[in-house]
Amino acid sequence: MDHYQPDKTDLFTFGLWTVGNVGRDPFGEAVRRRLTPSEIVQKLAQLGAYGVNLHDNDLVPIGAPLKERDRIVAEFRAVLDETGMKVAMASSNLFFHPVFKDGAFTANDPKVRAFAFQKTLAAIDLAVELGAATFVFWGGREGAETDACRDPREALKRLRAAVDFFCEYALEQRYPLRFALEAKPNEPRGDIYLATTGHMLHFIETLAHPEMVGVNPEVAHETMAGLSFVHAVAQAMEAGKLFHVDLNAQRIGRFDQDLRFGSEDLKQAFLLVRLLEGTAGGERYSGPRHFDAHAYRTEDEAGVWEFARGCMRTYKMLAERARAFDADPEVRGLLAEQLDPALEPLLSGYTREKAGRLRALALDPDELSARGLCYERLDQLLVEFLLGVRS
Ligand code: DIG
Ligand code: MN
Ligand code: MN
């Protein structure tokens, strides 16, 4: 019995652009043929995925006449129905066409911004028609190479105006849709506005409808910025804003590699899955596990499906390891020792009485500092569970 064979209950999703990646990069042409959306849906269904995600133009070519658009969508929906696959998330491609070379919502030319609004209205309609619950904004072109081109404060105002506009549109249309903002520090722009998930969490609080907007953090993007992805996701979860998540792998100090999930920093991938699955006792993330990643350029089509299988299997293996780790008596014992519940009530919710009791406590910093925390033993246990030498 293969315990790591995924099924729809795992909620694994892939963007059409991920397994559909043809291996083109800035220094080389495509190495694989383009798969059709129907082929992708059928193959992912066979592998045990729950659904797919798409940008408007992953399915409908930009500028396609309405009749052609409707035919393509009808054909796609038929394959979704035939396979039981869902469209979990959708987005608008506001980064590929040259018109967006100075940005989409933040471009200086209002006609370009108007085109981005027009395109996004249609993409939101498509998302709802396909049953997506989440619409992602990834502002790949919302940035600058020279900040002489516009005041970054103006760019933020334009971004806020756009997100507020589309929240109002969804409300007026009574669309059952939430929006998720995806941060990235740079690439393709020299610097991208709202560079990290932390920036996005603040920005959301400045919006007209913050309750409709969350974040879609991506492993590679926070790692590119040299940040802890686990901390970014934890902050989003604690704020009730983890509306979606992009899973992949990344080596720090490199371009956005979008590698197979778990193929680089296994310890951080373990800690991320432990956080998402809630095996240590905290809230469990209930949304789709989206692999925004692609196969190595070295791979043929068989290699692409190995890539997809590997993303899902590694996630399931890490989830099983995290469950074992957090169920281990020695691990639980070590974590319990850290929590002295007696003083907790004093350490929040100011009252004059609490302040008085805190002042009266006899606390010897030298004595406190002498205590060892046993984190070496705890982390060694993590490593041994991760390596499978403890179960
Ligand atoms: C890049 O990481 C971005 C785009 O691929 C897409 O808009 C978004 C959705 O996952 N991720
Ligand atoms: Mn990426
Ligand atoms: Mn992404």
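Residues numbered from 1 in each chain as written. Chains lettered and ligands numbered in written order. Predicted model: local features only at pLDDT ≥ 70, side-chain atom pairs only at ≥ 80, totals over all residues. Heavy atoms only, no water.

1. Considerations on the domain arrangement of the protein chain
Line of reasoning, step 1. For the protein chain, the assigned domains read domain 1 (8-324) and domain 2 (329-387).
Line of reasoning, step 2. Placing the centre of domain 1 and that of domain 2 at their C-alpha centroids yields a distance of 39 Å.
Line of reasoning, step 3. If you look at the interface, domain 1 gives eight residues, while domain 2 gives five residues.
Line of reasoning, step 4. Around 600 Å² of area is buried between domain 1 and domain 2 when both sides are counted, 71% of it from carbon and sulfur atoms.
Line of reasoning, step 5. When the buried area of domain 1 at its contact with domain 2 is split by residue, Lys267, Phe270 and Arg321 rank highest and sum to 66% of it.
Line of reasoning, step 6. Remark: the boundary between domain 1 and domain 2 carries one salt bridge.
Line of reasoning, step 7. Between Lys267 and Asp379 there is a salt bridge, and its shortest N-O distance comes to 2.8 Å.
Line of reasoning, step 8. Where domain 1 meets domain 2, there are two residue pairs in polar contact (both at pLDDT 80 or more).
Line of reasoning, step 9. Looking at the side of domain 1 that touches domain 2, the elements with two or more residues in it are helix H10 (266-277) and helix H11 (301-327). (Domains from an automatic or database assignment. Contact = heavy atoms within 4.5 Å. Buried area = accessible area lost by both parts, 1.4 Å probe. Salt bridge = Lys/Arg side-chain N within 4 Å of Asp/Glu carboxyl O. Polar contact = N/O pair within 3.5 Å; in protein donor to acceptor, adjacent residues only side chain to side chain. Helix = DSSP H or I, 4+ residues; strand = E, 2+ residues; numbered from the N terminus.)

2. Here's the deal with the packing of aromatic side chains
Line of reasoning, step 1. Applying the stated criterion across every chain yields a total of 21 aromatic pairs.
Line of reasoning, step 2. Arranged with centres 5.6 Å apart and planes meeting at 85°, the rings of Phe105 and Phe117 form a pair that is edge-to-face. On the criterion of sequence distance, the pair formed by Phe105 in the loop between strand S3 (86-91) and helix H5 (110-129) and Phe117 in helix H5 is long-range, its members being twelve residues apart. There is no split in this pair, since Phe105 and Phe117 are both buried.
Line of reasoning, step 3. Members of the aromatic cluster, each reached through a chain of ring pairs, are Phe105, Phe117, Phe135, Phe137, Phe165, Phe166 and Phe179.
Line of reasoning, step 4. A cation sits over an aromatic face here: Arg178 above Phe243, 3.6 Å from the ring centre. (Phe/Tyr/Trp six-rings, centres within 6.5 Å; stacked < 30°, edge-to-face > 60°. Buried < 20%, exposed > 50% of the residue type's maximum accessible area, 1.4 Å probe, protein only. Lys NZ or Arg CZ within 6 Å of the ring centre and 35° of its normal.)

3. Structural notes on the coordination of the manganese ion (ligand 2)
Line of reasoning, step 1. Taken together, the protein donors to the manganese ion (ligand 2) comprise Glu218 (OE), His221 (NE2), Asp256 (OD), Asp256 (OD) and Asp258 (OD), at separations of 2.0 to 2.8 Å.
Line of reasoning, step 2. Within one chain, the residues serving as donors to the manganese ion (ligand 2) are arranged as E-x2-H-x34-D-x1-D. (Donors = N, O, S within 2.8 Å, 3.2 Å for Na, K, Ca; no water.)

4. Focus on the site of ligand 1
Line of reasoning, step 1. The local shell around ligand 1 holds 13 residues, among which His55, Glu182, Glu218, Asp246 and Asp292 are the closest.
Line of reasoning, step 2. At a separation of 3.3 Å, an oxygen atom of ligand 1 approaches a polar side-chain atom of Trp17.
Line of reasoning, step 3. In the model, an oxygen atom of ligand 1 is placed 2.8 Å from a nitrogen or oxygen of the His55 side chain.
Line of reasoning, step 4. Here ligand 1, which alone exposes 300 Å², has 95% of that area covered by the protein.
Line of reasoning, step 5. At the level of secondary structure, the elements contributing two or more residues to the shell around ligand 1 comprise S3 and strand S4 (134-138).
Line of reasoning, step 6. Grouping the amino acids of the shell around ligand 1 by side-chain chemistry returns four nonpolar, five polar and four charged. (Near = heavy atom within 4 Å. Areas by Shrake-Rupley, 256 points an atom, 1.4 Å probe, with all protein chains shown as cover. Nonpolar A, V, L, I, M, F, W, Y, C, P; charged D, E, K, R; others polar.)

5. Here's the deal with the coordination of the manganese ion (ligand 3)
Line of reasoning, step 1. Around the manganese ion (ligand 3), the protein supplies Glu182 (OE), Glu218 (OE), Asp246 (OD) and Asp292 (OD) as donor atoms, at distances of 2.0 to 2.2 Å.
Line of reasoning, step 2. Coordination at the manganese ion (ligand 3) is irregular: its six donor atoms span angles of 74 to 175° at the metal.
Line of reasoning, step 3. Each donor residue of the manganese ion (ligand 3) lies on the same chain, and together they follow the pattern E-x35-E-x27-D-x45-D.
Line of reasoning, step 4. If you look at the manganese ion (ligand 3) and the manganese ion (ligand 2), they sit 4.5 Å from each other and are both ligated by Glu218. Taken together, the positions of Glu218 in the loop between strand S8 (213-215) and helix H8 (219-224) and Asp246 in strand S9 (residues 246-247) put the pair 28 residues apart, joining distant regions of the chain. (Tetrahedral: all angles 85-135°; square planar, octahedral: opposite > 155°, others 65-115°.)

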